[in-house]
Amino acid sequence: MPNKVAEVHKLLGNELYYIYTKWNYFHKLYCTSDATIELLNYAAESTFQFFRVMLPDDIGLSICRITDPASTRARGEQRNNLTLSFLATLIPDSDAVLRTDVLEDISDIDSKVGPFREHRNRRISHHDLDTRTKQDTARLD
């Protein structure tokens, strides 16, 4: 594997592991049983309610970030992003089959990321009025 590909691959692997870790914590805290949630509410109600809202937002943002385009325009110049799409651009022409496989996987992932992007756009990045007035239906849970 070329050095630049290996470097970006490792960085993305770290990002994915971090997302997985956050999801694991969220799942253990809020998705295991009602008894666990009751205990959390009893122990530190406002703190754990804060985490209950914050963790899904953070996980969604993380998923959106690593599936963003390979580069974006900022301050008049094109800047590379640490994303799966950028990783695909680093695969050399000599590994066209690998690049094709990776691009197909990215396309499959992109087809599943829509709900996270909508959540990010309506709830996190912008104060969408309909979302803010109907918060119970606007969250990814």
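Residues numbered from 1 in each chain as written. Predicted model: local features only at pLDDT ≥ 70, side-chain atom pairs only at ≥ 80, totals over all residues. Heavy atoms only, no water.

1. Describing the packing of helix 1 (residues 3-30) against helix 2 (residues 34-66)
Then, in step 1: Here helix 1 crosses helix 2 at 150°, and the two axes come no closer than 9 Å. Relative to helix 2, the element helix 1 lies roughly antiparallel. By crossing handedness, the relation of helix 1 to helix 2 is classed as left-handed. (Axes fitted to C-alpha atoms, helices over the stretch in contact; angles between N-to-C directions. Helix = DSSP H or I, 4+ residues; strand = E, 2+ residues; numbered from the N terminus. Parallel < 35°, antiparallel > 145°, perpendicular 65-115°, else oblique. Left-handed = near helix turned anticlockwise from the far one by under 90°.)

2. A few points about the packing of aromatic side chains
Then, in step 1: For the structure shown, the criterion picks out three aromatic pairs.
Then, in step 2: Relative to Tyr30, the ring of Phe26 has its centre 5.3 Å away and its plane inclined at 40°; by these criteria the two rings are tilted. Note that Phe26 and Tyr30 are positioned in helix 1 at a spacing of four residues, about one turn of the helix.
Then, in step 3: Here the aromatic cluster, defined as three or more aromatic residues joined through ring pairs, consists of Trp23, Phe26 and Tyr30. (Phe/Tyr/Trp six-rings, centres within 6.5 Å; stacked < 30°, edge-to-face > 60°.)

3. Some points on the pairing of strand 2 (residues 77-80)
Then, in step 1: Bridge analysis of strand 1 (residues 71-74) against strand 2 gives four bridges, and the strand direction is antiparallel. The partner of Thr72 across the bridge, within strand 2, is Arg79.
Then, in step 2: Connecting strand 1 to the next strand, strand 2, in antiparallel fashion are two residues, including Arg75 with a positive phi near 50°. (Pairing = 2+ DSSP bridges.)

4. Some words on the confidence of the model for the protein chain
Then, in step 1: Averaged over all residues, the pLDDT of the protein chain is 86; the fraction at 70 or higher stands at 92%.
Then, in step 2: At the level of individual helices and strands, the protein chain shows its lowest average pLDDT in helix 6 (residues 129-133), which scores 69, and its highest in helix 3 (residues 84-90), which scores 95. (pLDDT = per-residue confidence, 0-100.)

5. Brief notes about unusual backbone geometry
Then, in step 1: One non-glycine residue, Arg75, adopts positive backbone phi at about 50°.
Then, in step 2: In this structure, Arg75 sits in the loop between strand 1 and strand 2.
Then, in step 3: Look at Arg75 and you get exposed, because its relative accessible area is 76%. (Buried < 20%, exposed > 50% of the residue type's maximum accessible area, 1.4 Å probe, protein only.)

6. A closer look at the packing of helix 2 against helix 5 (residues 114-125)
Then, in step 1: Close contact between helix 2 and helix 5 brings their axes to 9 Å; oriented N to C, the two are set at 125°. Relative to helix 5, the element helix 2 is oriented oblique. The element helix 2 and its partner helix 5 pack so that their crossing is left-handed. Here helix 2 contributes Val53, Asp57, Gly60, Leu61, Ile63 and Cys64 to the contact with helix 5, which in turn contributes Phe116, Arg117, His119, Arg120, Arg123 and Ile124.
Then, in step 2: Here the residues of the contact of helix 2 with helix 5 sort into six nonpolar, two polar and four charged. (Contact = heavy atoms within 4.5 Å. Nonpolar A, V, L, I, M, F, W, Y, C, P; charged D, E, K, R; others polar.)

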